[in-house]
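# Structural overview for review
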Amino acid sequence: MRLRQHPDLLVDVGLVAAALADAWAHVSIEDQPAATCALVGALALMLRRRLPLTTFLLTLPTALVTDAVVAPMAALYTLSFLSRHRFLLAGCALIYAVSDFMPWPWSSMDAAELGQTNNLFHLSYTLAVAAAPVFLGQLVQARRELSLRLADISEAREHERLLTAQSVLAKERAQLAREMHDVVSHQVSLIAVQAGVLQVGSQDAETRQAAATIRRLSVQTLDELRHMVNVLRASGSSPTELTPQPSLADLRRLVDASGIEAKLETDLPDELPPTVQRAVYRTVQEALTNVRKHAPGATATVRINHRGDAVYTTITNTAPTRQAFALPSAHHGLVGLAQRAELLGGTVTSGPTAQGGYELCLELPVGRNR
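What you see is a predicted model, and the numbers here were worked out from it, not measured in a lab.

## A look at the overall build of the protein chain
Across its full length, the protein chain carries twelve helices and five strands. Buried positions account for 31% of the 370 residues belonging to the protein chain. Partitioning the intrachain contacts of the protein chain with sequence separation of at least 6 by distance along the chain shows that 67% fall at a separation of at least 24.

## A short note on the sheet that holds strand β5 (residues 358–365)
Within a beta sheet, neighbouring strands are joined by backbone hydrogen bonds and run either parallel or antiparallel to one another. If you walk across this open sheet you meet the five strands as β1-β2-β3-β5-β4, and the pairing is mixed. With partners counted over all chains shown, the strands left at the sheet margins are β1 (262–267) and β4 (347–352), one partner each. Taken over all neighbouring pairs, the strand axes of this sheet differ in orientation by 10 degrees on average, direction set aside. Pairing geometry for strand β2 (residues 300–307) and strand β3 (residues 310–317), over eight bridges, is antiparallel. Bridging from a neighbouring strand, N305 pairs with Y312 of β3. Of the strands in this sheet, β1, β2, β3 and β5 are in contact with helix α11 (residues 274–294), which crosses β5 at around 175 degrees.

## Considering the pattern of salt bridges
Under the defined criterion, the tally for this structure stands at seven salt bridges. One salt bridge connects E265 with K263, and the closest N-O pair in it is separated by 3.5 Å. Judged by relative accessible area, which is 32%, E265 ranks as partly exposed. Linking E265 and R303 is a salt bridge whose minimum nitrogen-to-oxygen distance equals 3.3 Å. A residue pair is termed long-range when its members are at least 10 positions apart, and E265 in strand β1 and R303 in strand β2 qualify at 38 residues. Each of the salt bridges in this network shares a partner with another, and the network as a whole consists of D12, R48 and R49.

## Brief notes about the packing of helix α4 (residues 52–65) against helix α6 (residues 86–101)
With their axes 8 Å apart at the nearest point, α4 and α6 run at an angle of 20 degrees to one another. As judged from the angle between their axes, α4 and α6 are roughly parallel. Crossing geometry of α4 relative to α6 is assigned as right-handed. On the side of α4, the interface is formed by L53, F56, L60, A63 and L64, while α6 contributes L88, C92, I95, Y96, S99 and D100.

## A look at the pairing of β2
One ladder, built from six bridges, connects β1 with β2; its direction is parallel. Bridge pairing links K263 to T301 in β2.

## Side note on α11
The end-to-end C-alpha distance of α11, which contains 21 residues, comes to 30 Å, matching closely the 30 Å that a straight helix rising 1.5 Å per residue would cover. Along α11, the residues that are buried comprise V276, Q277, A279, V280, Y281, R282, T283, V284, A287, L288 and V291. The elements touched by buried residues of α11 are α10 (251–256), β1, β2, β3, α12 (333–343) and β5.

Parameters and conventions
- Counting starts from 1 at the beginning of each chain's written sequence and moves along it residue by residue.
- The model is predicted, so local features are restricted to residues of pLDDT at least 70 and side-chain atom pairs to those at 80 or more, both for listing and for counting; the totals for chains, interfaces and linings are taken over all residues.
- Working from all heavy atoms in the structure, the side-chain values ignore hydrogens and water.
- Starting at the N terminus, helices and strands are each numbered in turn, a helix being any DSSP run of H or I of at least four residues and a strand any DSSP run of E of at least two.
- The buried label goes to any residue with under 20% of its type's maximum accessible area, the exposed label to any with over 50%, and the partly exposed label to all in between, with areas taken from a 1.4 Å probe on protein chains only.
- Only heavy atoms matter for contacts: two residues are in contact if any of them lie within 4.5 Å across the pair.
- Here, any two strands with at least 2 DSSP bridges between them count as paired.
- To get an axis, a line is fitted to the C-alpha atoms, and for a helix only the part in contact is used. The angle between two axes follows their N-to-C directions and goes from 0 to 180 degrees.
- Salt bridges are defined as contacts in which a side-chain nitrogen from Lys or Arg sits within 4 Å of a carboxyl oxygen from Asp or Glu.
- If an angle is under 35 degrees, it is roughly parallel; if it is over 145, roughly antiparallel; if it lies from 65 to 115, roughly perpendicular; otherwise it is oblique.
- Crossings are sorted by hand: turned counterclockwise from the far helix by less than a right angle, the near helix makes the crossing left-handed, and turned clockwise it makes it right-handed.
- Expected span of a helix, by definition, is 1.5 Å for each gap between consecutive residues, and there is one gap fewer than residues.

And the structure:
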């Protein structure tokens, strides 16, 4: 089990086993010096990753005094895979070829026989065999380095793509911030000024109250726009909340400033997750805005209660008493509420009532959002 968790160790054990099998097939047990050299060379393969040159030198006697080739070939391949010194590799390959070609003991060597054709062919074959693991190790080394460089290039390109995307996003955010500041903020400021003039100059109390509400909402909208513009201009800095995030403590002020006759009924614990509180607040805000836009003269009731492990929010309005003015709308409000609820594991349902009004219901779990 431990060998499976360490594949390099498993490969080394396999090489040692192959070298021992090669030695058993080519070395006689009675020849103690040769058997010892073969055994030392096979066991030395366990050091090939940490001490490749030492391992090769320990396996060299195996090629000199025996016909076993697995241990020295494996050691030479490992040395060429881990080393960048071409002259060292060429020298080691030449030494191995000579050691494998020369007879043992050297005293039995006949200088006249070395010049024979068959021995020259044998020497050429030995040199080719010695060069094979060197070329293979260098090829694998080059392939590994190429893979690493390709990975670095891919990472650099991905980083460059990310920087480009961030630069484009920063330009878009800056342009959007300018548009919001130059157009939206200017127009909302004019609304606030005109509402202030109407509040001061009107003699009708109801008109002054409506103008005060318009001015208060305009000022609040300007504050939120300033926060949004600051966030858009702070591209690349640390994340910032778009606006000060509301909680259930702000519901009463939201209902009172809605500009419609609305009643708030709540029965909630003191400690609810902030995400749940924001979702409930945004749902009530969107519902009251829709009542004001699409059901003029209607009254609304906001009921929020806690049952089991869920919070239930219901906003119901009566039928409108006046015809609604046509206002620009992208119809994304309810879609956004449904997406927000889905992210929190809840649901949003809405539809007309039998009395001609409209009802919006939000159900959110509490436990999973803590």
